[in-house]
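Single-letter residue listing:
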Amino acid sequence: MSRFFDLVSTSARNMGSVGASNPTPAALESRSQLIKLDSNESPFGPSARVVDAMRRALSGANSYPDDDCGELRRKLATHHKLPPEQVLVTAGSTAMLSLLCQTLLAPGLNAVTSERSFIVYSLAVQAAGAHLVEAPMRSGEDSFDLEAILAAIDADTRIVFLANPNNPTGTMLEATVVERFLTKVPGHVVVVLDEAYYEFALHFAALRKIEYSSSLEYVRQGSSVVVLRTFSKAHGLAGLRVGYGLGPAELLGYCARMRNTFSVSSVAQAAALAALDDHQHVQLVVENNAVQSRVLTQGLSAMGRRVVPTSANFLFCDLGEDAASFATRLLEQGVAVRPLGPWGAPNCIRVTIGTAEQNQAFLEAAGRAVARGPAGHRASSLARGT
Ligand SMILES: Cc1ncc(COP(=O)(O)O)c(C=O)c1O
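Residues numbered from 1 in each chain as written. Predicted model: local features only at pLDDT ≥ 70, side-chain atom pairs only at ≥ 80, totals over all residues. Heavy atoms only, no water.

**Student:** Honestly, the sheet that holds strand E6 (residues 190-194) in this entry has me stumped. Any pointers?
**Tutor:** For sheets, the rule is that strands pair by backbone hydrogen bonds, running either parallel or antiparallel. Sheet architecture is open: seven strands sit in the order E2-E8-E7-E6-E5-E3-E4, paired in mixed fashion. This sheet does not close on itself; its edge strands, each paired only once, are strand E2 (87-90) and strand E4 (131-135). Averaged over neighbouring strand pairs, the angle between their axes works out to 20 degrees when direction is ignored. Bridge count for strand E7 (residues 225-230) against strand E8 (residues 243-246) is four bridges, and the pairing is antiparallel. Within E8, the position partnered with Val-227 by the bridge is Leu-246. On the sheet, helix H11 (residues 249-258) packs against E2, E6, E7 and E8 and is oriented at approximately 25 degrees with respect to E2. (Pairing = 2+ DSSP bridges. Helix = DSSP H or I, 4+ residues; strand = E, 2+ residues; numbered from the N terminus. Axes fitted to C-alpha atoms, helices over the stretch in contact; angles between N-to-C directions. Contact = heavy atoms within 4.5 Å.)

**Student:** For this particular structure, what's the right way to read the pairing of strand E3 (residues 110-114)?
**Tutor:** A regular strand places its side chains so that they alternate between the two faces of the sheet. Burial of E3 is extensive: five of the five residues sit out of reach of the surface. A two-sided burial pattern is seen for E3, the buried positions comprising Asn-110, Val-112 and Ser-114 on one face and Ala-111 and Thr-113 on the other. Summarising the sheet, E3 and E4 pair through five bridges and their orientation is parallel. Following the sheet pairing, Thr-113 is matched in E4 by Glu-134. In the classification by handedness, the crossover that spans E3, the intervening helix H6 (residues 119-127) and the parallel E4 is right-handed. Judged from the three bridges that link them, E3 and strand E5 (residues 157-163) form a sheet pairing that is parallel. Of the residues in E5, the one forming a bridge with Ala-111 is Ile-159. (Buried < 20%, exposed > 50% of the residue type's maximum accessible area, 1.4 Å probe, protein only. Right-handed = clockwise from strand over helix to strand, strands pointing away.)

**Student:** Explain the sheet that holds strand E13 (residues 348-352) here, please?
**Tutor:** With antiparallel pairing, the four strands of this open sheet are ordered in space as E9-E10-E13-E12. Sheet topology places strand E9 (306-308) and strand E12 (338-339) at the edges, where each strand pairs with a single neighbour. The pairing of E12 with E13 spans two bridges and is classified as antiparallel. When the sheet's bridge partners are listed, Pro-339 is paired in E13 with Ile-349. Together, E9, strand E10 (314-318) and E13 form the strand contacts of helix H13 (residues 279-302), whose direction differs from that of E10 by roughly 10 degrees.

Scope: geometric values only; no functional claims are made or implied.
Below you can see the structure in the form of structure tokens.
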């Protein structure tokens, strides 16, 4: 047995190893040419003004960052019409998720979410030594069953995670549905409304003439709700790690105590401050996303594949064949997508909506992968001895 097995905590032992999610070794070799549609990143990157702000911040990199992210926190507070005490800036919204789990959970306690949702919920809950209960989705549909989530809550539940829109299905819960749900959640449970894809969802909702989210109203009313937002998606800053939570001041105060010191770099803070004024860039990103979601949906549907209508910057697509093999055939052509076997959907992929050129390249590669079929892939793999 290994030297440290008996020394590490039970949670560390039970977590199971998490492989690097991407890129794959094959993809690494030609990363610069790879069309990366596997991680829901922005194909446009940060805007020029944000890059300028980062450049200016670099020369001050000898100093530690402001641990409290004071300027960014105040700007976010003004932006969201909340007091600064109701804002906590973290190294990506996943860091906020982890803080909530470390602060609210412990062995014997649990969190509840839906099956087929964001994979980090399970990692963050397990790292806190607690248990994640995954309620089933609506049968035959790709959306949450909120009644099943409510039914899964018990006396030991402290958190409910709702990704809205959900990753990987891209489905959205409308504001009135969330509101009704919140009235039924018992008082000992904090509801985390994960709005990582907020900007995309807002744009789609306006096009569809529906109401996406009233989440900040619940925060203003003092409900036991924490809203998560991030600069990783529409603002194109995934590599910098900056996101935030909006919620009750007292709870965020406890979370802040658990935070790693200096966890949000000065460059990330400068970039986020500039990105918050980036209305034009975000508009370009969300408009491209909506137009290109239609192009991709039509292309995949024309190949006889089922696509779930999205409210985010990716599509969930049922291929009707083994998705891992399909993804490998795409990767061999320089396009990375995410096969969803680990989410219990072995015939489905998640594909990030890219630029027009990237999407065209994806559709052409997908067409060739379909034509070649799984058997063709096996034969060529065998021929190369892979
Ligand atoms: C639902 C959801 N929440 C949060 C995140 C993570 O965002 P961040 O980069 O801010 O940690 C993602 C990223 O894919 C996501 O899909």
